[in-house]
Amino acid sequence: EKPKKIENTAITIPRDIDENIGTRDMVTRDCAKDERIRALWLEICRRDPIAWINLFCFTKDPKRPFKVVPFITYKEFQDQAIWDLVDAIENGHDLGIEKTREVGASWCVIYVFLWFWLFHPNSDFLVGSRKADVVDKKGDPSTLFEKMRIALDNLPTWMTPVGFDIVDDTLSMRIINKENKNSIIGESANEFFGSGGRVKAALLDEFSKWDTSIAESAWTSMADVTRCRIPV
């Protein structure tokens, strides 16, 4: 079954930071007590990435007193961007994203990839940027894979794949879901970017900073790899 937006859930997820934290705490407590409630929220999250992100995802912000903080989407543009990403991935078309700094574009793409990786089988992804140290450098939250590790490390255990280990299953430029066999693989910019496999979608982060000839070759080579190319 394809993901579909849930118009009405049993709870309204607030966007105010204090109210959002209170709601997260309440859901966490309820899920810890009752397996049926966990199953309900797993189903809600499986269908609705916005609900999953606003209740269970965290980001790292060095400007705030507590560096790991809840990620709360902006209704005005991030919610729509997330559903546009889901549509592009599911229906197989390219989607370019223009961004300014600090609007969470990379985080949104990463969360959507993780959402598919977690809840929907047959969802493999490729993640790339202009150089390897931007794709993955452990301990550096500005890199794409460290963003994913932060998100996964802060999920409740009952929501992660069976047997998931944050160390063993998030190796350099590789995140594996052993339960449903999904994977997210990283690669630095090169003219043969992504060649050799098939993925549901590919992220080309900071694409305007890629060397022009490499970007053109990579874009062409990816046509045989995926129907959904996402240059940011």
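So, here is what we can say about the structure in this document.

Each value, and the rule that gives it
Residues numbered from 1 in each chain as written. Predicted model: local features only at pLDDT ≥ 70, side-chain atom pairs only at ≥ 80, totals over all residues. Heavy atoms only, no water. Pairing = 2+ DSSP bridges. Helix = DSSP H or I, 4+ residues; strand = E, 2+ residues; numbered from the N terminus. Contact = heavy atoms within 4.5 Å. Axes fitted to C-alpha atoms, helices over the stretch in contact; angles between N-to-C directions. Polar contact = N/O pair within 3.5 Å; in protein donor to acceptor, adjacent residues only side chain to side chain. Disulfide = S-S within 2.5 Å. Buried < 20%, exposed > 50% of the residue type's maximum accessible area, 1.4 Å probe, protein only. Expected span 1.5 Å × (residues − 1). Arc of directions from axis to C-beta. Core = buried A, V, L, I, M, F, W, Y, C linked by side-chain atoms within 4.5 Å. Salt bridge = Lys/Arg side-chain N within 4 Å of Asp/Glu carboxyl O.

**Considering the sheet that holds strand β4 (residues 170-171)**
Turning to step 1, where the next piece is worked out: Pairing within the open sheet is mixed, and its six strands lie in the order β4-β5-β6-β3-β7-β8. Of all the strands in the sheet, just β4 and β8 (229-231) have a single pairing partner and so form its edges.
Turning to step 2, where the next piece is worked out: Judged from the five bridges that link them, strand β3 (residues 125-129) and strand β6 (residues 183-188) form a sheet pairing that is parallel. Within β6, the position partnered with glycine 128 by the bridge is glutamate 187.
Turning to step 3, where the next piece is worked out: Strands in contact with helix α7 (residues 144-153) are β3, β4, β5 (174-176), β6 and β7 (201-204); relative to β3, the strand with the most contacts, it is inclined by about 130°.

**Considerations on the side chain of threonine 170**
Turning to step 1, where the next piece is worked out: Looking at the secondary structure, you find threonine 170 in strand β4.
Turning to step 2, where the next piece is worked out: There is a polar contact of 2.2 Å between the side chain of threonine 170 and the backbone oxygen of isoleucine 166.

**Concerning the state of the cysteines**
Turning to step 1, where the next piece is worked out: If you walk through the whole model with that rule in mind, you get zero disulfides.
Turning to step 2, where the next piece is worked out: Cysteine 45 takes part in no disulfide bond, and the closest cysteine sulfur, belonging to cysteine 31, lies 8.4 Å away.
Turning to step 3, where the next piece is worked out: Overall, cysteine 45 belongs to the buried group, its relative accessible area being 0%.

**Here we look at the environment of aspartate 84**
Turning to step 1, where the next piece is worked out: Inspection of the secondary structure puts aspartate 84 in helix α4 (residues 78-91).
Turning to step 2, where the next piece is worked out: Given the relative accessible area of 34%, aspartate 84 is considered partly exposed.
Turning to step 3, where the next piece is worked out: Distance from aspartate 84 to leucine 95, taken between C-alpha atoms, is 8.2 Å for residues 11 residues apart in sequence.
Turning to step 4, where the next piece is worked out: Engagement of the side chain of aspartate 84 in a polar contact is seen with the side chain of glutamine 80, the distance being 2.8 Å.

**Focus on helix α1 (residues 17-33)**
Turning to step 1, where the next piece is worked out: Its 17 residues place the ends of α1 25 Å apart at the C-alpha level, agreeing with the 24 Å of an ideal helix rising 1.5 Å per residue.
Turning to step 2, where the next piece is worked out: For α1, the full list of buried residues reads Asn20, Thr23, Arg24, Val27 and Cys31. End-on, the buried residues of α1 take up no more than an arc of 100°, which puts them together on one face. Turned more than 90 degrees off the buried face of α1, the exposed positions are Asp18, Ala32 and Lys33.
Turning to step 3, where the next piece is worked out: Against the buried residues of α1 lie α2 (35-47), α3 (49-56), β1 (58-60) and β2 (68-70).
Turning to step 4, where the next piece is worked out: For α1, the N-terminal cap is aspartate 16; the gap from its side-chain oxygen to the backbone nitrogen of aspartate 18 is 3.2 Å.

**With respect to the nonpolar core**
Turning to step 1, where the next piece is worked out: If you look at the biggest cluster of nonpolar residues, it comprises 56 residues, and the most contacted ones within it are Trp52, Ile89, Phe113, Leu114, Ile184, Leu203 and Ile230.
Turning to step 2, where the next piece is worked out: Sorting the residues of this core by element identifies α1, α2, α3, α4, α5 (105-119), β3, α7 and β7 as the ones contributing at least two each.
Turning to step 3, where the next piece is worked out: A total of 14 residues in this core trace back to one element, the largest contributor, which is α5.
Turning to step 4, where the next piece is worked out: The contact partners of isoleucine 89, leaving out residues within four places of it in the chain, are Val112, Phe113, Phe116, Phe125, Lys200, Ala201, Cys228 and Ile230.
Turning to step 5, where the next piece is worked out: Judged by nonpolar contacts, the second largest core, of 12 residues, contains Ala202, Trp210, Ala215 and Val225.

**Let's talk about the side chain of glutamine 78**
Turning to step 1, where the next piece is worked out: Checked against the element boundaries, glutamine 78 lands in helix α4.
Turning to step 2, where the next piece is worked out: Under the relative-accessibility criterion, glutamine 78 is labelled buried at 3%.
Turning to step 3, where the next piece is worked out: A distance of 2.8 Å separates a polar side-chain atom of glutamine 78 from the backbone nitrogen of tyrosine 74.
Turning to step 4, where the next piece is worked out: In this structure glutamine 78 touches Phe71, Ile72, Thr73, Val103, Gly104 and Cys108, once residues within four positions along its chain are discounted.

**Quick notes on the pattern of salt bridges**
Turning to step 1, where the next piece is worked out: Per the counting criterion, the structure on display carries 10 salt bridges.
Turning to step 2, where the next piece is worked out: Note that arginine 149 is salt-bridged to glutamate 146, the shortest N-O span being 2.9 Å. In this pair, arginine 149 and glutamate 146 both sit in helix α7, three residues apart, roughly one turn of the helix.
Turning to step 3, where the next piece is worked out: Since its relative accessible area comes to 7%, arginine 149 is described here as buried.
Turning to step 4, where the next piece is worked out: The salt bridge partner of lysine 178 is aspartate 169, with a shortest N-O separation of 3.1 Å.
Turning to step 5, where the next piece is worked out: Lysine 178 sits in the partly exposed class, given a relative accessible area of 48%.
Turning to step 6, where the next piece is worked out: Through salt bridges that share partners, Glu43, Arg46 and Arg47 make up one connected network.

All we've got here are geometric facts, nothing functional implied.
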